[in-house]
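If you want the building blocks of each chain, they are given just below.
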Amino acid sequence: MGVTTVTEMTAGVLHTLFRTEQGGHEQVVLCQDRATGLKAVIALHDTALGPALGGTRFHAYASDEEAVLDALNLSRGMSYKNALAGLDHGGGKAVIIGDPELLKSEELLLAYGRFVESLGGRYVTACDVGTYVADMDVVARETRWATGRSPENGGAGDSSVLTAYGVFQGMRASAQHLWGDPTLRGRKVGVVGVGKVGHYLVEHLLEDGAEVVITDVRTESVQRILDKHPQVTAVADTETLIRTEGLDIYAPCALGGALNDDTVPVLTTKIVCGAANNQLAHPGVEKILQDRGILYAPDYVVNAGGVIQVADELHGFDFDRCKVKATKIFDTTLEIFARAKSDGIPPAAAADRVAEQRMADARAARTA
């Protein structure tokens, strides 16, 4: 049996881990527990504003390298999201590699909790795709740095509630900016992904009088919406939805990379505002959207409601206090649009500038 040494690691792997073109990550932890099958990546991007905060994604990645890259991208996004949400937290994210329906067990989650605890509070975790409140209750048995727990266990419960509410506020701000009116009444909104966050978002849209079109890879998620709201229209897939005529707003609420070289040219919508993280597949997509006259509400601005909720859990959760903070996403989104207009840049670039300035100010204050 051969033993791989550090000297055999390729420059490409090291470059991916350090991501020098983006300033690098502070810490990347590879976690393995052979007894339970746990393989996880915990990435801490920046802690200038405070302990890194971000959820744990449980997903069957095509490769370990893809999982590392996802953790790096997601944790960087969390730094920006937490900065713009006004939280005293940096950005972090974890991914557990594997199909949660096949691999997830109490023992595996406990092992993962021990790895989180070993970081001594530098990383605070919560739910994400593939993990739920009940999972965080288990993780919290091994670490005090797990949020998104059930109310019965001193937690805030499902953070999807305020995530959806924040996205709705971002949509209202987008409508205000583009049409001069913050209501979505009479607007056609397409939602891709009606699971944990998406189905709450649909409720807000219907209450506001929007016409809603949905799709999801899980037929049971679609059927749950249709059973409750027969006025909602369902289409076969994302390709059909993004080409829907008369679509006013497109809301990607599933996995990242929804805005790419294939989808952006065929979008019929006037606004993109959704809950998914890392919607821009690569740098430059935001400029293509702008050139097509499509208003993009940066994902990490509008989907910050959930992180606002779990951050509050560390201080004794108060839902009303969190909802007030999440409502401010409306104002923050408008500020980003105004900054973009004044600087002559896409909204995504404007949001980056505002977040980077807050992090830079925090680092300067530490060394002053």
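Up top is the structure.
What counts, and at which threshold
Residues numbered from 1 in each chain as written. Predicted model: local features only at pLDDT ≥ 70, side-chain atom pairs only at ≥ 80, totals over all residues. Heavy atoms only, no water. Salt bridge = Lys/Arg side-chain N within 4 Å of Asp/Glu carboxyl O. Helix = DSSP H or I, 4+ residues; strand = E, 2+ residues; numbered from the N terminus. Buried < 20%, exposed > 50% of the residue type's maximum accessible area, 1.4 Å probe, protein only. Core = buried A, V, L, I, M, F, W, Y, C linked by side-chain atoms within 4.5 Å. Contact = heavy atoms within 4.5 Å.

## Comments concerning the pattern of salt bridges
Turning to step 1, where the next piece is worked out: Following the criterion strictly, the structure yields 22 salt bridges and no others.
Turning to step 2, where the next piece is worked out: When the shortest N-O distance is used, the salt bridge between R122 and E26 registers 3.4 Å. Taken together, the residues span a long stretch of sequence, with R122 in the loop between α4 (106–118) and β6 (123–124) and E26 in the loop between α1 (11–18) and β1 (27–33) at a distance of 96 residues.
Turning to step 3, where the next piece is worked out: Exposure remark for R122: the relative accessible area of 31% places this residue in the partly exposed category.
Turning to step 4, where the next piece is worked out: A salt bridge links D291 to K287, with the nearest nitrogen and oxygen atoms 2.8 Å apart. In this pair, D291 and K287 both sit in helix α10 (residues 285–291), 4 residues apart, roughly one turn of the helix.
Turning to step 5, where the next piece is worked out: The exposure class of D291 is exposed, given its relative accessible area of 54%.
Turning to step 6, where the next piece is worked out: Salt bridges linked by common partners bring R57, D70, K93 and D128 together as one network.

## Looking at the nonpolar core
Turning to step 1, where the next piece is worked out: Counting 45 residues, the largest nonpolar core has M171, V191, L201, V202, L205, V212 and I214 as its most contacted members.
Turning to step 2, where the next piece is worked out: Discounting residues that sit within four places of it in the chain, L201 has contacts with A164, V167, F168, M171, V191, A251 and C253.
Turning to step 3, where the next piece is worked out: Listed in part, the 23 residues of the second largest apolar core include Y112, L119, M136 and V138.

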